[in-house]
Amino acid sequence: MSIPIKTPDQIEKMRVAGRLTGEVLDYIGAFVKSGVTTGELDRLCHDLIVNVQQAIPAPLNYAPPGHAPYPKSICSSVNHQVCHGVPGDKKLKNGDVINLDITVIKDGWHGDSSRMFSVGEPSIQARRLSEITYECMWKGIAVVRPGAHLGDVGAAIQRHAESNGYSVVREFCGHGIGAAFHEEPQVLHYGKAGTGPKLEPGMVFTIEPMINAGRRDVRVLGDGWTVVTKDHSLSAQWEHTIVVTETGFEVLTQSAGAPAAPAFITL
Ligand code: MF3
Ligand code: CO
Ligand code: CO
């Protein structure tokens, strides 16, 4: 149970994979409109990744132990869907909020990032949940530096979510990432500061809080993948891939169209 340390060469490759991942999200935003199906969004992303980026969509046929192979190239989680929503032929409608989660493999290295999008005007509640969840991700990112503990990340996220009246999903977490999609460590989005492994330069992992407007409990639908809130309350998620640097952190999945970091972040 050791956390891989990436070399500068490997980190440079992950920067490339990470930027491509962000660029898929930059591209797909314009297509998130009333009447489009999540299956069409999947196809558009797949074609960009394969034909233009000459990269591989990591989710397609991904089969962790105990799971059937994932059938699509992206995850699309609408409204009360928490994560791993399988794209299909349901049309989006005004007021829907959707998380699109993209993982690209380029030159053998992974980038993993997700953002929230809304179809037309979101409700005030949905907008607030997405904004607070975005801040939660950045509260977690902001504590990353050598010598910090992984528990500091979870504690910062949990505090911000719960102080705003929301709950943190426990069953899914961030993860180490590199030549493998999911590797050590597990990055919990709740916990106690000062606990867990100490961070060192060259560690690479995702921070991807799933925050619910209602209770934290989730269940998996009959497709074996799509995760929903048990109480059908709205859920939001944002994700970046991060490397620990000598002085703090670097976000590997930035791209030209990524939303700005919140004002409390001084980069
Ligand atoms: N991208 C997801 C994550 O952030 C994992 C999706 S696995 C899939 O870890 F098989 F559902 F695609
Ligand atoms: Co991830
Ligand atoms: Co992801």
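Here the structure is shown first, and the text comes after it.
Just so we're clear, the structure is a prediction, and the values are computed from it rather than from any experiment.

Basis of the calculations
- Residues numbered from 1 in each chain as written.
- Chains lettered and ligands numbered in written order.
- Predicted model: local features only at pLDDT ≥ 70, side-chain atom pairs only at ≥ 80, totals over all residues.
- Heavy atoms only, no water.
- Pairing = 2+ DSSP bridges.
- Helix = DSSP H or I, 4+ residues; strand = E, 2+ residues; numbered from the N terminus.
- Near = heavy atom within 4 Å.
- Polar contact = N/O pair within 3.5 Å; in protein donor to acceptor, adjacent residues only side chain to side chain.
- Areas by Shrake-Rupley, 256 points an atom, 1.4 Å probe, with all protein chains shown as cover.
- Nonpolar A, V, L, I, M, F, W, Y, C, P; charged D, E, K, R; others polar.
- Core = buried A, V, L, I, M, F, W, Y, C linked by side-chain atoms within 4.5 Å.
- Buried < 20%, exposed > 50% of the residue type's maximum accessible area, 1.4 Å probe, protein only.
- Contact = heavy atoms within 4.5 Å.
- Phe/Tyr/Trp six-rings, centres within 6.5 Å; stacked < 30°, edge-to-face > 60°.
- Lys NZ or Arg CZ within 6 Å of the ring centre and 35° of its normal.

Student: How do you make sense of the pairing of strand S8 (residues 183–187) when you look at a structure like this?
Tutor: Every other side chain in a regular strand lies on the same face of the sheet, so the side chains alternate between the two faces. Where strand S7 (residues 174–176) and S8 come together, three bridges link them in antiparallel fashion. Looking across to S8, one finds that His 175 is bridged to Gln 186. Hairpin connection between S7 and S8: a loop of six residues separates the two successive antiparallel strands.

Student: Explain the site of ligand 1 here, please?
Tutor: Surrounding ligand 1, one finds 14 residues, the nearest of these being Asp 112, His 175, His 182, Glu 208 and Glu 239. Residue Asp 101 places a side-chain N or O atom 3.1 Å away from a nitrogen atom belonging to ligand 1. Coverage of ligand 1 by the protein chains reaches 97% of its 340 Å² of free accessible surface. When the residues that make up the shell around ligand 1 are grouped by side-chain class, the tally is six nonpolar, four polar and four charged.

Student: What am I meant to see in the nonpolar core here?
Tutor: Buried together is how nonpolar side chains tend to be arranged in soluble globular proteins. In this structure, Val 144, Leu 199, Phe 205, Ile 207 and Ile 211 are the most contacted members of the largest nonpolar core, which totals 31 residues. The leading source of residues in this core is helix H3 (residues 124–142), at eight residues. Excluding residues within four positions of it along the chain, Ile 207 makes contact with Met 137, Gly 140, Ile 141, Val 144, Val 153, Ile 157, Val 187, His 189, Trp 238, Glu 239, His 240 and Ile 242. Counting 20 residues, the second largest nonpolar core, distinct from the first, contains Val 24, Val 36, Ile 49 and Val 78.

Student: Explanation requested: the packing of aromatic side chains in the structure shown.
Tutor: For any pair of aromatic rings, the description rests on two quantities: the centre-to-centre distance and the angle between the ring planes. Per the stated rule, a full pass over the model turns up four aromatic pairs. Ring geometry for Tyr 27 and Phe 31: centres 5.2 Å apart, planes at 55 degrees, overall tilted. Judged by relative accessible area, which is 32%, Phe 31 ranks as partly exposed. Across from the ring centre of Phe 264, 4.2 Å away, lies the NZ or CZ of Lys 139, which sits over that ring. Between the NZ or CZ atom of Arg 170 and the centre of the ring of Tyr 190, over which it lies, the distance is 4.4 Å.

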